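# Secondary and tertiary structure notes
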Amino acid sequence: MSLDTDTVRRLREGMTRGVLSFPLTSFHDDGSLDPDGLRTHLAAQVATDPGAVFPACGTGEFFSLDEDEYRQVVTVAVEEAAGRVPVVAGVGYGWAQAARFARIAEDAGADALLVLPHYLVAAPQDGLVAQLEQLAARTTLPLIAYQRGQVAFSADSLKRIARIPHVIGLKDGHSDLDRLQRLTLAAPEDFLFFNGASTAEIQARAYATVGVPAYSSAVHAFAPEIANAFFTALRDGDDGTVEKLLRCFYVPLVEIRDRVPGYAVSLVKAAARLRGRPVGPVRAPLTDPSAADLADLATLLAAGLDLVGATL
């Protein structure tokens, strides 16, 4: 099976053009999937011209979706993207279950897959490599590995996974810049890297110093005006705007996010609802923000939008 080099090219170009969008998954108040709300949300995300869209990943509550719901989410993403931006669907758990999701994503027309950290157990380097080998043998789609939590590749393992057919890149969520620099130096020249830290903008400048300027943006899911303003300022070397947005919006957002486990997703959904987006609540085990935290979020969101000349 030959690698889809066009997808790699489009992803590389997209990473230089804009942030990587991780859309939310819309649910009704009773917790059931809301395909119409999802379509509206994805259409709005694609309209802002992100570098790529990554449905059914961490921000999209992949862990809470059954296979039929997953199929609907990826299908809607592909339909709304309509070839304008690459669609990279999340897959996860052990390789056998990941392969089931990969087949669904492939049938739905996804361009590539983000391989989320495996479930529960710690594993040695040989096992982390084998996980990707097993999955790569069962899909024709390009794979991007995601190191976070119990998954952390050594430089030697990075060289090994880069030789696996269809493994094209790495998303980093550890923010260990010493390790990441070693990985970028060990990788082939055309290997893709991007910053996947929570609220990635906080560390975007630091990641860029080790050769990883591309990043995902959860803020893009509810305030693309802020996310795109930050990306443009960072790209253009406008340090004044970067620091203003960090100081007055991103750092306060992280301070609210850190109050409760799971707020990295719950706050994003709450902020989208504050703007009238039809995304609904989070699914357990996540919880929606408290009234006090929601009030603080609303105040911060209005201030952040004002900074970039937008309104709630």
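### Quick look at a nonpolar patch on the surface
The grouping of Tyr-119, Leu-120 and Val-121 at the surface amounts to a nonpolar patch, some 360 Å² of accessible area in total. By the secondary structure assignment, Val-121 is in the loop between β4 (112–115) and α5 (125–136).

### A look at empty space enclosed by the protein
What the rule picks out here adds up to one cavity of 30 Å³ or more. Each pocket or cavity is described by its volume, and for the largest cavity that value is around 90 Å³. Around the largest cavity, the lining residues are Val-115, Leu-116, Pro-117, His-118, Leu-128, Gln-131, Leu-132, Ala-145, Tyr-146, Val-151 and Phe-153. Those elements giving two or more residues to the lining of the largest cavity turn out to be α5 and β5 (143–147). Here the element with the most residues in the lining of the largest cavity is α5; it accounts for three residues. The residue makeup of the lining of the largest cavity, split by class, is nine nonpolar, two polar and no charged.

### Details of the packing of aromatic side chains
Scanning all chains against the criterion turns up twelve aromatic pairs. Aromatic pair Tyr-215 and Phe-230: ring centres 6.4 Å apart, planes at 80°, arrangement edge-to-face. Highlighted residues: Tyr-215 in the loop between α8 (204–209) and β8 (216–217) and Phe-230 in helix α9 (residues 224–236), separated in sequence by 15 residues. In this pair, the class of Tyr-215 matches that of Phe-230, namely buried. Centre to centre, the rings of Phe-230 and Tyr-250 are 5.1 Å apart; their planes meet at 65°, and the pair counts as edge-to-face. Within this pair, whereas Phe-230 is found in helix α9, its partner Tyr-250 is found in helix α10 (residues 239–257), the two being separated by 20 residues in sequence. On the basis of relative accessibility, which here comes to 0%, the residue Tyr-250 falls in the buried class. Put simply, the rings of Tyr-215, Phe-230, Phe-231, Phe-249 and Tyr-250 pair up and form one aromatic cluster.

Here is what the cut-offs are and how they apply
Residues numbered from 1 in each chain as written. Predicted model: local features only at pLDDT ≥ 70, side-chain atom pairs only at ≥ 80, totals over all residues. Heavy atoms only, no water. Patch = residues over 30% accessible without salt bridge, like charges linked within 9 Å, V, L, I, M, F, W, Y side chains within 5 Å. Areas by Shrake-Rupley, 256 points an atom, 1.4 Å probe, with all protein chains shown as cover. Salt bridge = Lys/Arg side-chain N within 4 Å of Asp/Glu carboxyl O. Helix = DSSP H or I, 4+ residues; strand = E, 2+ residues; numbered from the N terminus. 1 Å grid on protein atoms, 1.4 Å probe; cavity = no way out; pocket = protein on both sides within 12 Å on 5 of 7 lines; lining within 4 Å. Points joined across faces, edges and corners; volume = space filled by probe spheres on them. Nonpolar A, V, L, I, M, F, W, Y, C, P; charged D, E, K, R; others polar. Phe/Tyr/Trp six-rings, centres within 6.5 Å; stacked < 30°, edge-to-face > 60°. Buried < 20%, exposed > 50% of the residue type's maximum accessible area, 1.4 Å probe, protein only.

Worth remembering: the numbers are spatial, not functional.
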